[in-house]
Amino acid sequence: MENQKQEFRGLEAEEIAEVYEKRMKRDFPKSELKPLTAIIHMWEKGSYDCLGFYEEDRMTAYAFSVKDPEKGYLLMDYLAVCEEWRGDGHGSRCLEELRRFYRQKKGILLECESLESAKNESEIALRTRRIRFYEKNGCVRSGVRSRVFGVDFEILYLPLSERQVDVSGELERLYRLMLSEDRYERWVRIWDKE
């Protein structure tokens with residue numbers, strides 16, 4: 001596997017729609033999935049990256065993120081290994097290549113569903129595994145939390161060229177790139193865990 005060509009490539013509008021319909025609708029809870037029109041709108045404005053992770057010529061994962069070109073930070077909106085490729089190290093290789101792809105950026109913020117808002121033990125176990133996966137791959141827990149459209153998140157940070165970051169401030173900037181002022185005020189809350 002190490003000798004295979006691995007890379008991120010930007011997706012075109014038709015490919016974004018295909019990933020959304022065939023992958024994202026299965027990979028993410030409906031409550032966390034933006035409308036495709038919103039994703040395409042941000043992508044057309046240049047404030048959103050839609051990438052496919054290819055090993056040889058097969059897309060094995062995808063990463064969609066909000067980007068702030070002025071400040072150099074990103075918010076990973078959606079990151080998933082395609083179902084048929086899970087459990088074989090693809091996620092770790094994907095994050096490694098993501099660090100290379102964005103090496104000129106300062107860092108990536110990631111939202112993980114909070115342990116505190118889990119409804120049962122199986123949700124706690126799943127969320128704990130997800131957070132441990134990110135930590136194993138270089139992410140750090142920031143202590144910052146957010147609630148966006150009623151979903152509670154713990155914010156992790158993947159440092160690229162900047163080790164230290166004002167997570168709350170950068171997260172606010174990135175959320176405001178995605179949302180109108182009234183939607184931000186109504187649906188977003190950011191706080192530090194006590």
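Conventions we followed
Residues numbered from 1 in each chain as written. Predicted model: local features only at pLDDT ≥ 70, side-chain atom pairs only at ≥ 80, totals over all residues. Heavy atoms only, no water. Helix = DSSP H or I, 4+ residues; strand = E, 2+ residues; numbered from the N terminus. Buried < 20%, exposed > 50% of the residue type's maximum accessible area, 1.4 Å probe, protein only. Pairing = 2+ DSSP bridges. Right-handed = clockwise from strand over helix to strand, strands pointing away. Contact = heavy atoms within 4.5 Å. Axes fitted to C-alpha atoms, helices over the stretch in contact; angles between N-to-C directions.

Trainee: I keep staring at unusual backbone geometry and nothing clicks. Help me out?
Mentor: Both trends apply: most residues other than glycine have a negative phi, and most peptide bonds are in trans. A positive phi angle, near 60 degrees, is found at glutamate 56, a position not held by glycine. Here glutamate 56 shows up in the loop between strand S2 (48-55) and strand S3 (58-68). A positive phi angle, near 50 degrees, is found at phenylalanine 149, a position not held by glycine. Mapped onto the secondary structure, phenylalanine 149 falls in the loop between strand S6 (140-148) and strand S7 (151-159). Of the residues examined, phenylalanine 149 reaches a relative accessible area of 32% and is grouped as partly exposed.

Trainee: I keep staring at the pairing of strand S5 (residues 107-113) and nothing clicks. Help me out?
Mentor: Looking along a regular strand, one sees the side chains alternate between the two faces of the sheet. Of all the seven residues making up S5, seven are buried; the element is thus mostly covered by neighbouring parts of the structure. Of the two faces of S5, both are covered, the one formed by Gly107, Leu109, Glu111 and Glu113 as well as the one formed by Ile108, Leu110 and Cys112. Inspection of the sheet shows strand S4 (residues 73-81) paired to S5 by four bridges, in the parallel sense. Within S5, the residue paired with leucine 75 across the bridge is leucine 109. Handedness of the S4-helix H3 (residues 90-101)-S5 crossover: right-handed. Two elements, S5 and S7, share seven bridges in a ladder whose sense is antiparallel. In the strand pairing of S7, cysteine 112 is matched with glutamate 154.

Trainee: Sorry if this is basic, but what is going on with the side chain of aspartate 27 here?
Mentor: The topology assignment puts aspartate 27 in helix H1 (residues 13-27). Those residues in contact with aspartate 27 that sit more than four places away from it in its chain are Tyr62, Ala80 and Arg86.

Trainee: Got a minute to help me understand the environment of arginine 145 in this structure?
Mentor: Tracing the sequence through the fold places arginine 145 in strand S6. On the basis of relative accessibility, which here comes to 6%, the residue arginine 145 falls in the buried class. Along the chain, arginine 145 and glutamine 164 lie 19 residues apart, while their C-alpha atoms are 17 Å from each other. Among residues more than four places away in sequence, those in contact with arginine 145 are Glu116, Phe153, Glu154, Ile155, Arg189, Ile190, Trp191 and Lys193.

Trainee: Can you walk me through the sheet that holds strand S8 (residues 188-192) in this structure?
Mentor: Neighbouring strands of a sheet are bound in pairs by backbone hydrogen bonds; such pairs are parallel or else antiparallel. One open sheet holds the eight strands; their spatial order is S1-S2-S3-S4-S5-S7-S6-S8, and the pairing between them is mixed. Sheet topology places strand S1 (6-10) and S8 at the edges, where each strand pairs with a single neighbour. Taken over all neighbouring pairs, the strand axes of this sheet differ in orientation by 30 degrees on average, direction set aside. Where S6 meets S7, six bridges bridge the pair, whose relative direction is antiparallel.

Note that every value here comes from positions in space, so none of it alone points to a role or purpose.
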